[in-house]
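# Working through the structure, step by step
Take a look at the letters that make up each chain.
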Amino acid sequence: MVGAPRGAENMTDWLGLPVLASAHGGQIDGMIGWVHVFMLVLFVGWGGFFVYCLVRFRRSRNPVAIYTGVTSNVSTYSEIGVVIVEAVLLIGFAIPLWAARVDGLPPENEAVVVQVTGEQFAWNVHYPGPDRVFGRTDVKLLDLQSNPLGLDRTDPAAKDDVTTVNQLYLPVNRPAILRLRSKDVIHSFGVPEFRVKQDAVPGLTIPIWFIPNVTTAEMRTRTGNPEFEYEIACAQLCGLGHYRMRGFVTVQSAEEFQKWVQDEEEKLKEQESNPFQ
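The following paragraphs examine the structure supplied in this document. Residue numbering note: each chain is counted from 1, following its sequence as written. At least 70 in pLDDT is required for a residue's local features to be given in this predicted model, at least 80 for side-chain atom pairs to be given and counted, and no such filter applies to totals for whole chains, interfaces and linings, which use all residues. Each side-chain value is derived from all of the structure's non-hydrogen atoms; neither hydrogens nor water enter the calculation.

## Focus: the pattern of salt bridges
Salt-bridge detection follows one rule: a side-chain nitrogen of Lys or Arg within 4 Å of a carboxyl oxygen of Asp or Glu. Scanning the entire structure with this criterion turns up 10 salt bridges. As a salt-bridge pair, Lys-183 and Glu-119 come within 2.5 Å of each other at their nearest N and O atoms. Placement of the pair is Lys-183 in the loop between strand 5 (176-182) and strand 6 (187-191) and Glu-119 in strand 1 (residues 112-119), with a sequence separation of 64 residues. Residue Lys-183 is classed as partly exposed on the basis of its relative accessible area of 33%. Helix numbering and strand numbering both begin at the N terminus, where a helix is a DSSP run of H or I of at least 4 residues and a strand a DSSP run of E of at least 2. Exposed residues in this analysis have more than 50% of their type's maximum accessible area, buried residues have under 20%, and partly exposed residues fall in between, with area computed by a 1.4 Å probe over protein chains only.

## Structural notes on the sheet that holds strand 10 (residues 246-252)
Each pair of strands is called paired provided DSSP finds at least two bridges between the two strands. Within the open sheet, the five strands sit side by side as 4-10-9-6-7. Their pairing is mixed. Both outer strands of the open sheet, strand 4 (167-171) and strand 7 (196-200), are each paired with one neighbouring strand and no more. Each neighbouring strand pair of the sheet contributes to a mean axis angle of 25 degrees, computed without reference to strand direction. Direction of pairing for strand 9 (residues 230-234) relative to strand 10: antiparallel, over a ladder of four bridges. Its bridge partner lying in strand 10, Ile-232 is registered against Gly-247. Structural elements are reduced to axes, namely lines fitted to C-alpha atoms, with helices fitted over the stretch in contact, and the angle between N-to-C directions of any two is expressed from 0 to 180 degrees.

## Observations concerning the pairing of strand 8 (residues 206-210)
Where burial is concerned, most of strand 8 is hidden: four out of the five residues are buried. Note that strand 5 and strand 8 share five bridges and pair antiparallel. Of the residues in strand 8, the one forming a bridge with Ala-176 is Phe-210.

Below, the structure is given as structure tokens:
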């Protein structure tokens, strides 16, 4: 198993962030770390300057106001330095990282593509099946209990589609592309360990992608918590039941994931042959 680099783990520990479990997460933590360092320098620098001003321009030393003002350019140079550092953080770190997450989607034939649809108050997960084609959905077929996505099983492309509620299965060390949608209000898909968070907006399909590189089983060993689960938290207040809108991600080995897919396909075949069971 390939985990996070030692440097990324050190940064994660220093920041007190959740355990890292995605390939790109080290870059996110690195940027957060540099922002913290810069803010610390600013805090100490401007705090020191404030104390200096209190002492240097105290009333006992300057009983009469001086109307000429400060003639030194130190503050100007300091402000220019702050702007330069902020530009480096933005242009050198934030924008390239954002572009890689938004525009750098991997080829779909190399990834696991899943549609994740939020609703009050659940996450509906839709896999395209072995044909890699998502089946047709119809709002007339919606049923919150038996068919929350309105999947039309009469569509040939939908016959092998697998759906789950609040449970997302992914293989380790393979790109995952999630197409986020919403049935009602704005939700927000967030898994802290993967360093991903993205709003799901009604009427839009918004893709996000990441590579999980630590299985659920390995994370349980690392954390010492046999009950550990990657939790999908809705990070957007979406109604009175927002607090219970929780889903879970199970990261498996390639073999375990393939077995899960095969088991789900077998269940679909059994349901098709015995529709009244």
